[in-house]
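# Structure at a glance
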Amino acid sequence: MTPKESPPQLNVVAAHHQPKGIERLVLSIAEAAEALGVSDDLVYELTERGDLPCLRLGRRKVIPRRAIQLVVDAALVDFDPAIALTIVDRAKREWADPATLAEASAAPR
């Protein structure tokens, strides 16, 4: 599997940028975007809004690895798998009901 085909991971770093035995504490915008599975533009937007902390090193913006992990963790704080399953089950029942399908297709767009 080539690096382009592998799933994004927080340890995505070009081998020539990382000295042996030293783990980088920050990621570039492109690396952070790859780790999160989003575009560079969205990472820039998130940093501008203050939703994703960043550091300025000269003209360069870098994202602390810990910041990415904290953003992901914060999104999961209120996540309840039982509630998610209930919502999915309800949606399956509603869409399995022919009357619901007829209403959805008749609704104005």
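For the structure given in this document, a descriptive report is provided here. Nothing here was measured: the structure is a model prediction, and the numbers come from that model.

## Remarks on the overall build of the chain
Within the chain, the secondary structure is distributed over five helices and three strands. Burial statistics for the chain: of 109 residues in total, 19% are counted as buried. Looking at the chain alone, contacts between residues at least 24 apart form 40% of all its contacts between residues at least 6 apart. By element, 60% of the accessible surface of the chain is carried by carbon and sulfur atoms, the whole surface being about 8,400 Å².

## Things to note about the pattern of salt bridges
With the rule as written, the count across this model stands at four salt bridges. Residues E31 and R24 are paired through a salt bridge, measuring 3.0 Å at the closest nitrogen-oxygen approach. Of the two residues, E31 and R24, neither departs from the other in class, the shared state being buried. Between R49 and E45 there is a salt bridge, with its nearest N and O atoms 2.8 Å apart. Taken together, the residues R49 and E45, both in helix 2 (residues 40–49) and four residues apart, mark about one turn of the helix. Its relative accessible area of 40% is what places E45 among the partly exposed residues. What you see here is one network of salt bridges that share partners, running through E45, R49 and D51.

## A word on the nonpolar core
Counting residues in hydrophobic clusters, the biggest one holds nine residues: L27, I29, A32, A33, V43, L46, L52, I63 and I68. Mapped onto this core, the elements with two or more residues apiece are helix 1 (29–36) and helix 2. The dominant element in this core, judged by the number of residues it contributes, is helix 1, at three residues. Ignoring any residue separated from it by four or fewer positions in sequence, one finds I29 in contact with D40, V43, Y44, K61 and I63.

## Section: helix 2
Those residues of helix 2 lying buried are V43, L46 and T47. Viewed end-on, helix 2 has its buried residues packed into an arc of 100 degrees, placing them on one side of the element. Across from the buried face of helix 2, at angles greater than 90 degrees, the exposed residues are D41 and E48. One or two steps after helix 2, the chain reaches G50, where phi turns positive at roughly 85 degrees.

## Some thoughts on the environment of V26
Following the sequence through the fold, V26 ends up in strand 1 (residues 26–28). Spatially, the C-alpha atoms of V26 and K61 are 9.6 Å apart, while their sequence positions differ by 35 residues. Beyond its immediate chain neighbours, meaning those up to four positions away, V26 contacts L55, V62, I63, P64 and R65.

## A word on helix 1
Those residues of helix 1 that sit buried are I29, E31, A32, A33 and A35. In this fold, the buried residues of helix 1 make contact with strand 1, helix 2, strand 3 (60–64) and helix 3 (65–76). One or two residues past the end of helix 1 sits G37, with phi positive at roughly 75 degrees.

Cut-off values and rules
- Residues numbered from 1 in each chain as written.
- Predicted model: local features only at pLDDT ≥ 70, side-chain atom pairs only at ≥ 80, totals over all residues.
- Heavy atoms only, no water.
- Helix = DSSP H or I, 4+ residues; strand = E, 2+ residues; numbered from the N terminus.
- Buried < 20%, exposed > 50% of the residue type's maximum accessible area, 1.4 Å probe, protein only.
- Contact = heavy atoms within 4.5 Å.
- Areas by Shrake-Rupley, 256 points an atom, 1.4 Å probe, with all protein chains shown as cover.
- Salt bridge = Lys/Arg side-chain N within 4 Å of Asp/Glu carboxyl O.
- Core = buried A, V, L, I, M, F, W, Y, C linked by side-chain atoms within 4.5 Å.
- Arc of directions from axis to C-beta.

Spatial relationships are all this shows, so hold off on functional conclusions.
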